Amino acid sequence: MSEERMSVIVTTIASLLFPFIFIFSFYVIMHGHLTPGGGFQGGAIGASAIVMLIVAYGAREVYKKASDEKLSIFESVGGLLFVLVGILGFILAASFLSNFLVGEPIFGNIPPFGSNPGELNSGGILPLLNIAVGMKVIGGLASVVLIMALAGGEKK
Amino acid sequence: MIYNIPFYTVVALILIGLYAMLFKRNLIKIAIGLTILESGVNLFLITLGYRKEGVAPIYTNLPSGIDVPDKMVLPVPQALTLTSIVIGVAVLALVLSITMMIYRHYGTLDSRKVRRLKE
Amino acid sequence: MNVDWLLEHSPALIIVLPLLAAFLTPIIDKFSKKARNAFVIAVLIIEEILVIFLAHDVFTNGIHIYTMGAANPTETVPAQAAVPIRIVLEVDGMSIFMALISATVSLAAAIYSLAYIEEEKGKGKFYTLLLLVLVGMLGMELTGDMFNMFVFLEVLSIACAALIAYRSHFGDSVEGAFKFLIISSIAALFVLFAIALLYAQYDLLNIAALASAINYTHLDKIALVLLIAAFAMKCGAVPMHFWTPDAYSVAPSSITAMLVAASQASLYALFRVCFTLYGVTLNLATIGAVIIIFGLLSMFVGVTMAIPQKDIKRLMAYHAISQTGYMLLGVGVGLYLLTKPEFSSYGIKAMEGGIFHIINHAMYKGLLFLTAGAIYYRLKTRNLNEMGGLGHSMKYTSIFFIIGALAIAGIPPFNGFASKLLIYEAAYKVSPILSIIAMLVSILTLASFVKVFHSAFMGPKIHDVEEVPKSMLAGMAVLTFVIILFGLFPGWVVSNIVHPAAQALADQAAYIQAVLGG
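Right, let's walk through the structure included here. Everything quoted here is computed from the prediction, not taken from an experiment.

### Let's talk about the overall build of chain B
Stage number 1. When its secondary structure is counted, chain B shows three helices and zero strands.
Stage number 2. Of the regular secondary structure in chain B, the N- to C-terminal order runs α-α-α.
Stage number 3. Taken over C-alpha atoms, the radius of gyration comes to 20 Å for chain B, far larger than the 14 Å a tight globule of 119 residues would show.
Stage number 4. Seen along its three principal axes, the alpha-carbon backbone of chain B occupies a region of about 65 × 30 × 20 Å.
Stage number 5. Looking at the 119 residues of chain B, the share that counts as buried comes to 25%.
Stage number 6. Of the contacts formed within chain B by residues at least 6 apart in sequence, a portion of 52% connects residues at least 24 apart.

As structure tokens, this is what we get:
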């Protein structure tokens, strides 16, 4: 088990970097409706943070903190959130996935047309959908890599 | 003429991908062929949306003097490509995990030896 | 929540409900296994009711439109734009006909799975994937958008491949899954490339808008070839049939029944492309003749390959290829005869036969795969030589097998006879040889199933086994009920369900008009 773990320098740097990568991932997800990026890209960045931990600490140690079952629950919650936002579309407004948040205080502002600096509080349901997709991608990609790493380790 | 280069690349990538999938015996190489084929199709989609001297289709902080949206590249093919990349990731993950299981059962990645199903 | 509201939103609900359930299943699985099983079955029953409810409306009132995310679900073309820019779900007779098949087979497969996969691991994921297969099939069938169809095709392929490899402790099941996944991925990339070719010329993705704009240029022809090749590959017609026996024989039996329905979703996509997307721009007689040739080849190659097989599910898989040939023959003859005014009534008859055969095949082939699974469940073998004398102990299974076998061979009181008769009659008008070959294949099918029945169920009692659990019998009973119902009232089924579907497929103008208006 200890042979999977890399040297102290690597593990320390990985632990230090982990929160920063995750914050960057969250930034990319949250600004998905304004700048390039969005749920999948941000989720992939977040999953890469977990992959970095797997490389540095070994799959088994990561598994203790975040087992693939926990990750797949996280993923399911993401998928559920997406579908629920879609369903709220035809309960609160006209059709599936219709943007029922326009004009509301949360993400409801309508930005001016043309070149503008961008406003986080806009986009309606799009930021919510980005968050849902981000959760799903983090959970999905991380659990795929985790399971592959675990299975690869067994072979030895 | 120079604008046709992406299309030649598309054809080359698709042919290389198909060649790898049809004639390579190693299962990992078949997976690589799949991704090359997929990049060819994705490149084709992206190239369709390109406009001469276009800018990225993002409203935040456009370069000055650009009249919206005539000088923007088409965003729809980019959205399609993104979807196809996401699907590609899922397919590749599944192909590779199935390849791992095949290696565990058969002890080889040679497709000529992985044929328990043939009568 | 009144009836009109439900009806208006039902196309979206039909796709969303299993998707929601697929994500909820792993969470419920954490708390209670029984609650999870009850939840999955309840969702599938509600799904079946919703589909029948929408089908009733579509068959009486015509095409049903649903625009995702629009202020008004029936407003397909927004005021600022000239073409449909949102994803449109378009439900016509043919779509809802296929949705009926998918929902019914999924329900039977899920009930059957309750006992069938009792001893396996990861059952929560099994049901999630099963629901995702249903989402993929329904999405492909109900959508009116090419790219959306591609996405659901991929959802279907990925979920199916994962389910084929479900028993991953066997080497052959991962091998079958690998073949299936590679073929599906190539097919899906072909479809994507064809969509890109169409998008490059017309800036459209909506099927109806594309159909009204299509010019049949050289690029369109290339796109057509790519689409036909891809969907024919996915539906298992000869000459791209080689993945079918491998994937069908190694998947868990309930999944094999769903794979049959999944292949038919691709068959639907093939018909949708030929009839609706290209429609009148094609030379119908030529395309009809090509489809007839594909159909004859599939029928003949399938049945001749089936006869020498020793693996029961492999044998049935080859019969599935052969039966796909009947559907192609029916629809091909329909296309061919529709161009000749004096025979056009026979053309519609032939298409009805081909389309009726789709639902019949899903039911009896599903039933046969489920009985094969029941045998596997007790004996743990698929080899016919190791079976024998099961009729003594597994009475209900053998009755279900006889019903399925007689239906597939086209023996009168069962549903296979009704659809085959329609195909024989119409094919005779093109050439008597077609009918003769079709009947010959039918006889060979019967011979092959007599062999299976003899070696599996007849003879002295060798194995000391019990009947399979009740939930497996219930799953088979659902399909048997449909087979007998369709066998007893074929006239009612043809005029009320099959005829609207055939009409919807032939009527390209109505499909376009429903989206673009006037």
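### Description of helix H1 (residues 8-30) of chain A
Residues and elements named next belong to chain A.
Stage number 1. With 23 residues, H1 ought to run about 33 Å at 1.5 Å a step, and its terminal C-alpha atoms sit 34 Å apart, in line with that.
Stage number 2. Leu17 marks the point of greatest bend in H1, at about 30°, and the proline Pro19 comes within the next four residues.
Stage number 3. Of all the positions in H1, only Ser25, Val28 and Ile29 are classed as buried.

### Examining the interface of chain A and chain C
Stage number 1. Facing 15 residues of chain A, the contacting portion of chain C comprises 16 residues.
Stage number 2. Here the residues of the side of chain A that touches chain C sort into eight nonpolar, seven polar and no charged.

### Side note on the nonpolar core
Residue and element names in this part refer to chain C.
Stage number 1. Core analysis: the largest hydrophobic core is formed by 284 residues, its most contacted members being Val133, Leu156, Leu163, Ile164, Val191 and Leu329.
Stage number 2. Looking at this core, the element that brings in the most residues is helix H6 (residues 171-202), giving 21 residues.
Stage number 3. Discounting residues that sit within four places of it in the chain, Leu156 has contacts with Val133, Gly136, Met137, Met140, Ala262 and Ala265.

### Topic: the packing of helix H13 (residues 344-379) of chain C against helix H15 (residues 395-409) of chain C
All names here are of chain C.
Stage number 1. Contact geometry of H13 with H15 gives a least axis separation of 9 Å together with a crossing angle of 145°. Where H13 crosses over H15, the two elements pack in a sense that is left-handed. Contacts between H13 and H15 involve Tyr364, Lys365, Leu367, Leu368, Thr371 and Ala374 on the former and, on the latter, Thr397, Phe400, Phe401, Gly404, Ala405, Ala407 and Ile408.

### Thoughts on the environment of C:Pro413
Residues and elements named next belong to chain C.
Stage number 1. Following the sequence through the fold, Pro413 ends up in the loop between H15 and helix H16 (415-430).
Stage number 2. Look at Pro413 and you get partly exposed, because 13 C-beta atoms sit within 10 Å.
Stage number 3. For the pair Pro413 and Tyr268, spaced 145 residues apart in sequence, the C-alpha to C-alpha distance is 27 Å.

### Considerations on the interface of chain C and chain B
Stage number 1. With 26 residues of chain C in contact, the opposing surface of chain B contributes 25 residues.
Stage number 2. Listing elements by their share of the side of chain C that touches chain B, those giving two or more residues are helix H5 (146-164) and H6 of chain C.
Stage number 3. Ranked by residues supplied to the side of chain C that touches chain B, first place goes to H6(C) with 17 residues.
Stage number 4. Among the residues forming the side of chain C that touches chain B, the class breakdown is 18 nonpolar, four polar and four charged.

Rules and cut-offs
- Residues numbered from 1 in each chain as written.
- Chains lettered and ligands numbered in written order.
- Predicted model: local features only at pLDDT ≥ 70, side-chain atom pairs only at ≥ 80, totals over all residues.
- Helix = DSSP H or I, 4+ residues; strand = E, 2+ residues; numbered from the N terminus.
- Rg over C-alpha atoms; globule rule 2.2 N^0.38 Å.
- Buried ≥ 20, exposed ≤ 12 C-beta atoms within 10 Å, placed from the backbone.
- Contact = placed C-beta atoms within 7 Å.
- Expected span 1.5 Å × (residues − 1).
- Bend = angle between axes of the 7 residues up to and from the residue.
- Nonpolar A, V, L, I, M, F, W, Y, C, P; charged D, E, K, R; others polar.
- Core = buried A, V, L, I, M, F, W, Y, C linked by C-beta atoms within 7 Å.
- Axes fitted to C-alpha atoms, helices over the stretch in contact; angles between N-to-C directions.
- Left-handed = near helix turned anticlockwise from the far one by under 90°.

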